[in-house]
Amino acid sequence: MSNLSRRNVLSLGVALGLVSAASAVPAWASTDGADPWWVWDDEVDRLVAGLVDGGRVPAVNTALRSWTDNDDPLPSGLPDDLDGWLRRVNRLPSWADPAKLRRAADFNRRKDTYLFLLYGLGSGIMSTVIPREARSVYWSAGGAAMQDRAAKTFTFGYDLSEAGAFEPSGQFVVTANKTRLVHAAVRHLLPQSPHWRAVADERIPISNGDILVTFHSLGTFVHRKLREWHVPMSAADEDAFLHQWQVAIHLLGVRDEFIPQTWAAADAQSAQVLTPLLAPTPEGKELAADLLGLTAQIDLGVTRGFLNEFVRYVLSNEVGDWLGLPRDYAAATLIRTGWPAYIAFREGLLPIAPAGFFLFDQFIRALAMLFLNKGTSPTSTPITIPTGNRPG
Ligand code: HEM
């Protein structure tokens, strides 16, 4: 025992269940009682595990295919237990405020170009330096087909940002429920992957804590950047944007007691549980290269150097270095001076178009097109429940 390193002892301890995997992640400061790292989605996790083991997922995917709009009746052909569960959860929480959700939709429309950019190049690339997320995405089935996976993730963002997302004619409630089923399947499947088990610091992925971390890489991050960039927003806009995300993470199965109530609380939680966790992994580096390669396939009117520098500008040089993004100092200078001026002009705070206006304009329009086309897929890519992991 004496020649075992502390790390080996720790991983041995985790393997034997003696040391909690949560020791690798920061504790939550402000929850009484339950710990979000140790809360999953028990009822649906059990139910979907049964479907996976019984070979019934393909039939369920077929039945779910025609189910898209929030007011669609549940499709026929679902197993009784899944039908019963969906009947209970397929609705907005009682605290959802339709007026705020409508305002959020309007806000998304008004600020769409910044949102495409921040979700796509910011949150998308950040997900590759959240080790647990990078490892689970990489070692799940979808990790081997990043183009397809990116298109499905676009579907989530697109349905969330759409004008009537939460209205009966919208699609977001259904998309969120399908995602919740996918996550339940992943919780059952990944622990069976020897590759994932060899690198994971947890026994079951996608806890409530992990979902909150990802929310901070999306909503909390985007909100903070909009403020940093002095994009004009009213207090009601900011509140509505938070509310939309609160409803979204409720629909993904996060317990209401864990959902931050204000942006201040979200920022504090993000500083506590997201920022200290960010780190490079071999899996994340490969995923980032795939994602940036995907973006580079589309003509964004800018060089790869400019794209790399935009990622550095949005996420920090530290993250850029972790991902090995080569430097392009000329592009970096252009972005550092040109982007704030571009925003000021677009928002009516500068009387004349600054240098580089058309370059930035073409860039964000092309990114928006990529988003609106749901990635590079010509048709919408349905979200389906996986039946296995990445082979290796
Ligand atoms: C699948 C969104 C949190 C890991 C998906 C899908 C969506 C999605 C839309 C379906 C698309 C697809 O099948 O590829 C979200 C959102 C989250 C969140 C909005 C939080 C706000 C997480 C977290 C993890 C995770 C925290 C892991 C730590 C995965 C994996 C898949 C998946 C492994 C399946 C990929 C596959 O094999 O197809 N997620 N997710 N997700 N998610 Fe999440």
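Up top is the structure.
In this text the structure is predicted, and so the values were computed from the model without any measurement. Just so you know, the residues in each chain are numbered from 1, in the order the chain's sequence is written. The predicted origin of the model limits local features to residues at a pLDDT of at least 70 and limits the giving and counting of side-chain atom pairs to 80 or more, whereas totals for whole chains, interfaces and linings rest on all residues. The side-chain numbers reported here are obtained from all heavy atoms of the structure, hydrogens and water having been left aside.

A. Region of the structure containing the overall build of the chain. What the chain contains, in helices and strands, is 18 helices and zero strands. Residue burial is assigned from relative accessible area. The probe radius is 1.4 Å, only protein chains are included, and a residue is buried under 20% of its type maximum, exposed over 50%, and partly exposed in between. When each of the 392 residues of the chain is scored for burial, the buried share is 52%. Contact definition: two residues touch when any of their heavy atoms are within 4.5 Å. Here the analysis covers contacts within the chain between residues at least 6 apart in sequence; of these, 75% occur between residues at least 24 apart. All accessibility values rest on the Shrake-Rupley procedure with a 1.4 Å probe; residue burial counts only the protein chains present in the view. Of the accessible surface of the chain, which amounts to about 17,400 Å², a share of 55% is contributed by carbon and sulfur atoms. Under the scheme used here, helices are H or I runs from DSSP no shorter than 4 residues and strands are E runs no shorter than 2 residues, and both carry numbers assigned from the N terminus.

B. Quick peek at the environment of Pro75. Here Pro75 lies in the loop between helix H3 (57-65) and helix H4 (80-89). Taking C-alpha positions, Pro75 is 6.1 Å from Ala63, a pair spaced twelve residues apart along the chain.

C. Broad picture of the pattern of salt bridges. The salt bridge definition used is simple: a Lys or Arg side-chain nitrogen within 4 Å of an Asp or Glu carboxyl oxygen. Per the counting criterion, the structure on display carries 19 salt bridges. Two residues, Asp41 and Arg180, come together in a salt bridge whose shortest N-O distance is 2.7 Å. On the criterion of sequence distance, the pair formed by Asp41 in the loop between helix H1 (6-15) and helix H2 (42-53) and Arg180 in helix H9 (residues 172-189) is long-range, its members being 139 residues apart. With respect to class, Asp41 is no different from Arg180; both count as buried. Residues Arg132 and Glu202 are paired through a salt bridge, measuring 3.0 Å at the closest nitrogen-oxygen approach. Placement of Arg132 in helix H7 (residues 131-139) and of Glu202 in the loop between helix H10 (194-199) and helix H11 (208-228) is noted, with a sequence separation of 70 residues between them. The residues Arg132 and Glu202 share a single accessibility class, namely buried. Because the salt bridges share partners, they merge into one network encompassing Arg103, Asp106, Arg109, Arg110 and Asp237.

D. Inspection of the coordination of the iron atom of the ligand at higher detail. Of the protein atoms, His183 (NE2) alone serves as a donor to the iron atom of the ligand, at 2.1 Å. Looking at the secondary structure, you find His183 in helix H9. Coordination partners: N, O, S within 2.8 Å of the metal, 3.2 Å for Na, K and Ca; water not considered, so apparent gaps in a site are possible.

E. Summary view of helix H15 (residues 304-315). Between the first and last residue of a helix there are one fewer steps than residues, each counted as 1.5 Å, and that sum is the expected span. With twelve residues, H15 should cover 16 Å at 1.5 Å per step; its first-to-last C-alpha distance of 16 Å lies within 8% of that length. Counting buried positions over the twelve residues of H15 gives ten, a clear majority of the element. Looking at H15, one finds that the buried residues are Gly305, Phe306, Leu307, Asn308, Glu309, Phe310, Val311, Arg312, Val314 and Leu315. Of the residues trailing H15, Ser316 is marked for its positive phi of about 110 degrees.

F. View of the packing of H4 against H9. The axes are straight lines fitted to the C-alpha atoms, using for helices just the contacting stretch, and the angles between their N-to-C directions are given from 0 to 180°. Orientation of H4 relative to H9, taken along the N-to-C sense of each, is 130 degrees, at an axis distance of 11 Å. In this view, H4 runs oblique relative to H9, as classed from their interaxial angle. Our pair here, H4 against H9, has a crossing hand that is right-handed. In this structure, H4 contributes Leu82, Trp85, Leu86 and Val89 to the contact, and H9 contributes Asn177, Arg180 and Leu181. For this classification, under 35 degrees means roughly parallel, over 145 means roughly antiparallel, 65 to 115 means roughly perpendicular, and everything else is oblique. Handedness of a crossing follows from how the near helix is turned relative to the far one, being left-handed for an anticlockwise turn of less than a right angle and right-handed for a clockwise one.

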